[in-house]
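Inside the fold
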Amino acid sequence: MKTMREDGNTIIGSAIEAVLPEAAVIKALENRKFSGKVVVIAIGKAAWNMAKATQLTLGQQIDAGLVITKYDHAKGPIDGFEIVEAGHPIPDGNSVLGASKAIALVENLSEEDHVILLVSGGGSALFEKPMPGIMLEDIMDITEQLLGCGADIVEINTVRKHLSGVKGGKFALHCKKASIFAIVLSDVIGDRLDAIASGPAYPDGSTSEEALKIINKYDLTVTDEMLEVLSIETPKEITNCETVITGSVSALCDAASESAKALGYQPIILSSTLDCEAKEAGKFLSAIAREIHSHKTHLKKPIAMIVGGETVVRIIGKGMGGRNQELALSAALGIEGLEGTLIFSVGSDGTDGPTDAAGGMLDGTTAMKIRATGMEPEVYLDNNDSYHALQASGDLIMTGSTGTNVNDLIVLLCK
Ligand SMILES: Nc1ncnc2c1ncn2[C@@H]1O[C@H](COP(=O)(O)OP(=O)(O)O)[C@@H](O)[C@H]1O
Ligand SMILES: O=C(O)[C@@H](CO)OP(=O)(O)O
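Every value quoted in this text rests on a predicted model; they were computed, and no experiment measured them. (Residues numbered from 1 in each chain as written. Chains lettered and ligands numbered in written order. Predicted model: local features only at pLDDT ≥ 70, side-chain atom pairs only at ≥ 80, totals over all residues. Heavy atoms only, no water.)

1. Some details on the pairing of strand β5 (residues 179-185)
What counts here: Think of it in three bands: with a 1.4 Å probe and only protein chains considered, a residue is buried below 20% of the maximum accessible area for its type, exposed above 50%, and partly exposed in between. Only DSSP runs of H or I reaching four residues or more are called helices, and only runs of E reaching two or more are called strands; each is numbered from the N terminus. Two strands qualify as a pair provided DSSP detects at least 2 bridges between them.
Taken across its seven residues, β5 has six buried, putting it largely inside the fold. Sheet topology note: the strand β4 (residues 114-119)/β5 ladder contains six bridges and is parallel. Within the sheet, the bridge partner assigned to L117 lies in β5 and is A182. Relative to strand β6 (residues 241-246), β5 runs parallel, the two being bridged by six bridges. When the sheet's bridge partners are listed, I180 is paired in β6 with C241.

2. A closer look at the site of ligand 1
Operational definition: In these notes, residues near a molecule or strand are those with any non-hydrogen atom within 4 Å of it. Polar contact is the term for a pair of N or O atoms within 3.5 Å; when the atoms are in protein, one must be able to donate a hydrogen and the other to accept it, and sequence-neighboring residues count only if both atoms are side-chain atoms. The method behind every accessible area is Shrake-Rupley, applied with a 1.4 Å probe, and residues are considered shielded solely by the protein chains displayed. Side-chain classes are defined by residue name, with Ala, Val, Leu, Ile, Met, Phe, Trp, Tyr, Cys and Pro counting as nonpolar, Asp, Glu, Lys and Arg as charged, and the others, Gly among them, as polar. A domain assignment, automatic or from a database, supplies the domain bounds used here.
The environment of ligand 1 is made up of 18 residues, and the closest members are K45, H88, L147, G353 and N384. Within the contact set of ligand 1, an oxygen atom lies 2.9 Å away from a side-chain nitrogen or oxygen of K45. L147 has a polar backbone atom sitting 2.8 Å from an oxygen atom of ligand 1. Within the complex, the protein chains bury 88% of what would otherwise be the 570 Å² of accessible surface of ligand 1. Looking at the shell around ligand 1 residue by residue, the classes come out as five nonpolar, seven polar and six charged. When we break the shell around ligand 1 down by domain, the ones giving at least three residues each are domain 1 (4-15 + 250-414) and domain 2 (21-247).

3. Focus: the packing of helix α6 (residues 136-148) against helix α7 (residues 153-163)
This is how it is decided: Here the axes come from fitting lines to C-alpha atoms, over the contacting stretch only for helices, and the angles between their N-to-C directions go from 0 to 180 degrees. Roughly parallel covers angles under 35 degrees, roughly antiparallel covers those over 145, roughly perpendicular covers 65 to 115, and oblique covers all other angles. It only takes one pair of heavy atoms within 4.5 Å for two residues to be counted as in contact.
Running from N to C, α6 and α7 point in directions that differ by 170 degrees, and their axes come no closer than 10 Å. The angle between the axes of α6 and α7 places the two elements in the roughly antiparallel class. Each of I139, I142, T143, L146 and L147 in α6 lies in contact with α7, whose residues at this interface are I156, V159, R160 and L163. Counted by class, the contact of α6 with α7 contains seven nonpolar, one polar and one charged residues.

4. Some remarks on helix α12 (residues 278-293)
Put simply, the rule reads: By this rule the span expected of a helix is its residue count minus one, scaled by 1.5 Å.
Taking 1.5 Å of rise per residue, the 16 residues of α12 would be expected to cover 22 Å, and the 23 Å separating its terminal C-alpha atoms lies within 8% of that figure. By the burial criterion, the buried members of α12 are A278, K279, A281, G282, L285, S286, I288, A289, I292 and H293. Among the structural elements, β7 (266-274), β8 (303-309), α13 (323-334), β9 (341-347), α15 (377-382) and β12 (408-414) are those in contact with the buried residues of α12. The positive-phi residue at the C-terminal boundary of α12 is H295, with phi of around 65 degrees.

This is the structure we're talking about:
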């Protein structure tokens, strides 16, 4: 019989496999004719896989291609493509270099030409051209503030879109009259196209007023120049772009559910839109686990509770971690000593926060193992240092970059 940890790893493997973008990209390109010059621009953490699928489908039809992805996310050269790796979640000079190369490829195209834009999450950091008057350092600083203040991705990107010359539909303006066909892999709850990678070619649904409200709500520090630029509206109408959306956290949950069922668990998808604080989600899941084991519910073991979404973290400590690891450490405290329980939380992109781990997988022994090393898990949780606590118990999930990005998967297994 397989262990619960083996079951957990099987579920992670099958769920991620099911949301790799290649098949969806090939399907989206099927039966489409592209006239004139064809330029392919791929941005985001899944950019390499999406570009590779496009190259295999269109081959010689492509006149020029560019992949802009996170460091260590390119898996080798792609015929006819230049590859730029850049900073994420904080943009860096290569994010600006990548965007300037993309603009150079599209700005002289004419009406007969086509831009195939492959968009995946991560694009906001990886693809950047600050608005006139704004420095890259300003964007780096506000990004750091936004990521640590507890703002959700829609709020974060509302600010980023207003400060950038390629987000919030503004990349479409650089393509002038060329036709854009965008294939978008969703990593935003509700699949908001103006939020995924900050919607480079999609009409922006957010306003300057909202951007300024977010600055006030989280008490963010901005310069006078930034305030001025935040007051400039983003494009509300884009006429040269057709968009197809593929993949989502729901598909990730469905695949996890199928896999759990095949392993003998009764799967229940609790939610595919989780967006609360990571710590709270960990507490809540462990409360459910305790309830299931108390036999007071009608829920029959073995059972798999499946949750998808993207939690948030308010960073108050100085430690290292990510939202999945923080959820996992919080759950480890909640189920300390409980048998027959496994919980994992994993980012489908394979990286959680600024760490090399994808998330954490824990059971009733995790907190005890951390304590056995002389570390207090509560202290590590308070210091946002989930990485080192889970490293000590051997409970980090390490997948490496997966080639996709459709949000996070959280599963509770009870036997
Ligand atoms: N020490 C930490 N503990 C918990 N979360 C953190 C820590 N440092 C950064 N984060 C979180 O990591 C997130 C960015 O990481 P990442 O996994 O790359 O996000 P995404 O997958 O959405 O791109 C931010 O939302 C930030 O709040
Ligand atoms: O690029 C972005 O804006 C977000 C959402 O799409 O992705 P990530 O959270 O992976 O940075």
